[in-house]
Amino acid sequence: MGENMTADIDNVSKKILDDAALEREKNLNSGRERALAVLKETENRRKKLLDEGKQKASEKYREVYNLEILKAKTEFRQKILLYKLEIVDRIIEKAKNKLAEMGREDYIKFIKKSLASSGIMEGTYLIGRNEKRIDDKTMQSILEKVHLKKSNNSDEFETGLKIFNKNVQYHISPETLVEAEIDDIKMEIAFFLFGREVS
């Protein structure tokens, strides 16, 4: 009986050890499966984060790229616009210089035409202190239908003719005509030189 009991105890011990080994192997396999699942999930998350990061970086790059292109185009347009304005200003300055050099006969025609178009019929006049193209004698010959007398006042202005009619003052000179219409003149010159641009 003693041997049987020892054999039974050995069998039970062996059975317990075998069951423990099987349980340990099951636990190891389950742990390996969980570890593989965690690794796979971690790899999927890493890949997803990388893809999202790449997509965000790509979107940010496109956004920054588009902003830089827009900025460059805007700066280029501003430079072109400034260049065009400089051209228009130079043309106007040359025109003013040509008008300042207008001959006596052309200047007298200009004064007659300006007086006729202004509708002034009476008043007083002053001639600019540096005006060389007209004088009092010339003014008397110009004034056929207009009754203007030389003003006793002194007004400091360079060139042209000033006419005072009641409370209204007119400054007649080619230069002041250009200055009065400067915005329209600039637009006309710009349209002539550069055409009507569509943005």
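Residues numbered from 1 in each chain as written. Predicted model: local features only at pLDDT ≥ 70, side-chain atom pairs only at ≥ 80, totals over all residues. Heavy atoms only, no water.

1. Considering helix α5 (residues 182-194)
For the α-helix, the turn length of 3.6 residues means that residues three or four positions removed from each other point alike. Put simply, the rule reads: Labels follow the DSSP assignment, with helices taken as runs of H or I lasting at least four residues and strands as runs of E lasting at least two, numbered in each case from the N terminus. Given the number of residues in a helix, its expected span is that number minus one, multiplied by 1.5 Å.
For α5, with 13 residues, the first-to-last C-alpha span of 18 Å sits near the 18 Å given by 1.5 Å per residue. Backbone geometry just downstream of α5 places G195 in the positive-phi region, at approximately 75°.

2. Regarding the packing of aromatic side chains
Cut-off, in case you're wondering: Here a Phe, Tyr or Trp ring, Trp counted by its six-membered ring, pairs with any other such ring whose centre lies within 6.5 Å, and the pair is stacked when the planes are under 30 degrees apart, edge-to-face when over 60, and tilted otherwise. Three labels apply to residues, based on accessible area from a 1.4 Å probe with only protein chains included: buried if under 20% of the type maximum, exposed if over 50%, partly exposed otherwise in between. Lysine and arginine charges are scored as sitting over a ring when NZ or CZ, respectively, is within 6 Å of the ring centre and within 35 degrees of the ring normal.
Scanning all chains against the criterion turns up two aromatic pairs. Ring centres of Y61 and Y65 lie 6.0 Å apart, and the angle between their planes is 20°; on these two criteria the pair is classed as stacked. Taken together, the positions of Y61 and Y65, both in helix α1 (residues 2-100) and four residues apart, correspond to about one turn of that helix. What makes Y65 partly exposed here is its relative accessible area of 44%. On the basis of an interplanar angle of 35° and a centroid distance of 6.3 Å, the ring pair of Y107 and F110 is categorised as tilted. Linking Y107 with F110, this pair stays in helix α2 (residues 104-118), spanning three residues, or about one helical turn. Positioned above the aromatic ring of Y107 is the side chain of R133, whose terminal nitrogen or guanidinium carbon lies 3.8 Å from the ring centre.

3. Some words on the nonpolar core
To keep things clear, this is the line we draw: Only buried residues count toward a nonpolar core. Its members are Ala, Val, Leu, Ile, Met, Phe, Trp, Tyr and Cys residues joined through side-chain atoms within 4.5 Å. Contact definition: two residues touch when any of their heavy atoms are within 4.5 Å.
Formed by 16 residues in total, the largest nonpolar core has its most connected members in I111, L115, Y125, M139, L148, L161 and I163. For this core, the elements supplying multiple residues, two or more each, are α2, α3 (136-142) and β3 (161-165). Ranked by the residues each element gives to this core, the list is headed by α2, at five residues. Sequence-distant contacts of M139, defined by excluding residues within four places in its chain, comprise Y125, I127, I134, L148 and L161. V88, V178, I182 and I189 belong to the second-largest nonpolar core, a separate cluster that totals five residues.

4. Quick notes on a negative patch on the surface
The test is simple: Like-charged residues are merged into a patch within 9 Å and nonpolar side chains (Val, Leu, Ile, Met, Phe, Trp, Tyr) within 5 Å, provided each residue has over 30% relative accessible area and no salt bridge. Under the convention used here, a 1.4 Å probe and the Shrake-Rupley method define accessible areas, while residue burial counts only the protein chains that appear. What counts as a salt bridge is simple: a side-chain nitrogen of Lys or Arg found within 4 Å of a carboxyl oxygen of Asp or Glu. His is not counted, nor are the chain ends, whereas Lys and Arg count as positive and Asp and Glu as negative. Charge placement uses NZ in Lys and CZ in Arg. For Asp and Glu, CG and CD serve respectively.
A contiguous patch of negative charge, built from E181, D183, D184 and E188, is present on the exposed surface. Note on placement: D183 falls in helix α5. With a relative accessible area of 57%, D183 lands in the exposed category.

5. With respect to the confidence of the model for the chain
The condition is simple: In predicted models, pLDDT denotes the confidence assigned by the predictor to each residue on a 0 to 100 scale.
Overall, the predicted model of the chain reaches an average pLDDT of 82, with 95% of residues at or above 70. Averaged pLDDT values for the elements of the chain fall to 78 in strand β2 (residues 147-150) and rise to 85 in α1.

6. Section: the environment of I120
Here I120 lies in the loop between α2 and β1 (122-127). C-alpha of I120 to C-alpha of I163: the two residues are 43 residues apart in sequence and 8.8 Å apart in space.

7. Some thoughts on the pattern of salt bridges
Within this structure, the stated rule accounts for seven salt bridges. Notably, a salt bridge pairs R32 with E25, separated by 3.9 Å at the nearest N-O pair. Classification of E25 by relative accessible area gives partly exposed; the value is 33%. Residues R46 and E43 are paired through a salt bridge, measuring 2.6 Å at the closest nitrogen-oxygen approach. With R46 and E43 both in helix α1 and three residues apart, this pair spans about one turn of that helix.

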